[in-house]
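Structural description and commentary
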Amino acid sequence: QVQLVESGGGLVQAGGSLRLSCAASGRTFGTYGMGWFRQAPGKEREFAAGISGSGGTTRYTDSVKGRFTISRDNAKTTVYLQMNSLKPEDTAVYYCAAVHVIKMGWDGVGNRIANYDYWGQGTQVTITS
């Protein structure tokens, strides 16, 4: 089992950058694929980015490609989401999620809520125009 705690959210002007962090508990972080989802007011939670347990595969939703970068540091048991060229439509609560490689494989990256078993509490990102 893994516990996830997000940080790094805040209020930023359009065009700015933020880096979100998700710290995971436990010494088996390297055996989990990780994902970032987001939920805007009045909308369903959606996939933003994911990284495989091996770290060798990443996946992004089309709207963030070229602007967001997901990475992981297994030594620090942390996954990051670097967000550049932010837009007002990126405003949302951002959630970190994890799934064990037994379920997703070492190189698989899920893009559905049902692919993930563990979730953080979320961090608010607000982009002003």
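Conventions and cut-offs
Each chain carries its own residue numbering, running from 1 in the direction its sequence is written. At least 70 in pLDDT is required for a residue's local features to be given in this predicted model, at least 80 for side-chain atom pairs to be given and counted, and no such filter applies to totals for whole chains, interfaces and linings, which use all residues. With hydrogens and water set aside, each side-chain value is computed from the structure's full complement of heavy atoms. Numbering of helices and strands runs from the N terminus; a helix is a DSSP stretch of H or I covering at least four residues, while a strand is a stretch of E covering at least two. When a residue's accessible area, from a 1.4 Å probe over protein chains only, is under 20% of the maximum for its type it is buried; when over 50% it is exposed; and in between it is partly exposed. Any two residues having at least one pair of non-hydrogen atoms within 4.5 Å are treated as being in contact. To measure how exposed things are, a 1.4 Å probe is used in the Shrake-Rupley method; for residues, cover is taken only from the protein chains shown. By the counting scheme adopted, Arg and Lys are positive, Glu and Asp are negative, and His together with the chain ends is not counted. By convention, charge coordinates are those of NZ in Lys, CZ in Arg, CG in Asp, or CD in Glu. Any two cysteine sulfur atoms lying within 2.5 Å of each other are counted as a disulfide. A pairing counts as a salt bridge when a side-chain nitrogen of Lys or Arg comes within 4 Å of a carboxyl oxygen of Asp or Glu. Two strands pair if DSSP finds at least two bridges between them. In this description, a line fitted to the C-alpha atoms serves as the axis of each element, helices being fitted only across the stretch in contact, and the angle between N-to-C directions of two axes falls anywhere from 0 to 180 degrees. Joining through side-chain atoms within 4.5 Å is the link that ties buried Ala, Val, Leu, Ile, Met, Phe, Trp, Tyr and Cys residues into a set, and such a set is a nonpolar core.

Take the overall build of the protein chain next. A tally of helices and strands in the protein chain yields 1 helix and 11 strands. Structurally, the protein chain occupies a C-alpha span of about 40 × 25 × 25 Å along its principal axes. In the protein chain, which comprises 129 residues, the proportion classed as buried is 44%. The contacts in the protein chain between residues at least 6 apart in sequence include a share of 62% that link residues at least 24 apart. Accessible area of the protein chain: about 6,400 Å², with a carbon and sulfur share of 47%. Computed over 13 positive and 9 negative side-chain charges, the inter-centroid distance for the protein chain is 3 Å.

So, about the state of the cysteines. Under the definition given, this model contains 1 disulfide. C22 shares a disulfide with C96; S-S distance 2.1 Å. Between C22 and C96, the disulfide has an S-S torsion of -80° and is therefore left-handed. Of this pair, C22 sits in strand β3 (residues 18–24) while C96 sits in strand β9 (residues 92–100), placing them 74 residues apart in sequence. Across this residue pair, the class does not change: C22 and C96 are buried.

The next point concerns the side chain of S21. Relative to the helices and strands, S21 is located in strand β3. When residues no more than four places from it in sequence are discounted, the contact partners of S21 are V5, E6, S7, W36, T78, V79 and Y80.

Here we come to the pattern of salt bridges. Counted under the stated rule, the structure contains 5 salt bridges. Ionic pairing is found between E46 and R38, a salt bridge with its closest N-O pair at 2.8 Å. Owing to a relative accessible area of 5%, R38 belongs among the buried residues under this scheme. Linking K65 and D62 is a salt bridge whose minimum nitrogen-to-oxygen distance equals 3.0 Å.

This next bit is on unusual backbone geometry. Despite not being glycine, T77 has its phi angle at roughly 45°, a positive value. For T77, a relative accessible area of 19% puts it in the buried group. Residue S85 is not a glycine yet carries a positive backbone phi of 50°. With respect to the helices and strands, the residue S85 is situated in the loop between β8 (78–83) and β9. A relative accessible area of 41% means that S85 is categorised as partly exposed.

We now examine the sheet that holds β3. Spatially, β1-β3-β8-β7 is the arrangement adopted by the 4 strands of the open sheet, whose pairing is antiparallel. Strands with a single pairing partner mark the edges of an open sheet, and in this sheet they are β1 (4–7) and β7 (68–73). For this sheet the average axis-to-axis angle between neighbouring strands, irrespective of direction, equals 15°. Judged from the 6 bridges that link them, β3 and β8 form a sheet pairing that is antiparallel. Bridge assignment links L20 to a residue of β8, and that residue is L81.

Glancing now at the nonpolar core. The biggest cluster of nonpolar side chains holds 27 residues, and the ones touching the most others in it are M34, W36, V79, L81, M83 and Y94. When residues of this core are traced back to their parent elements, those giving at least two are β3, β4 (32–39), β5 (46–51), β7, β8, β9 and β11 (123–128). Ranked by size, the runner-up nonpolar core spans 6 residues in total, among them F47, A97, V99 and Y116.

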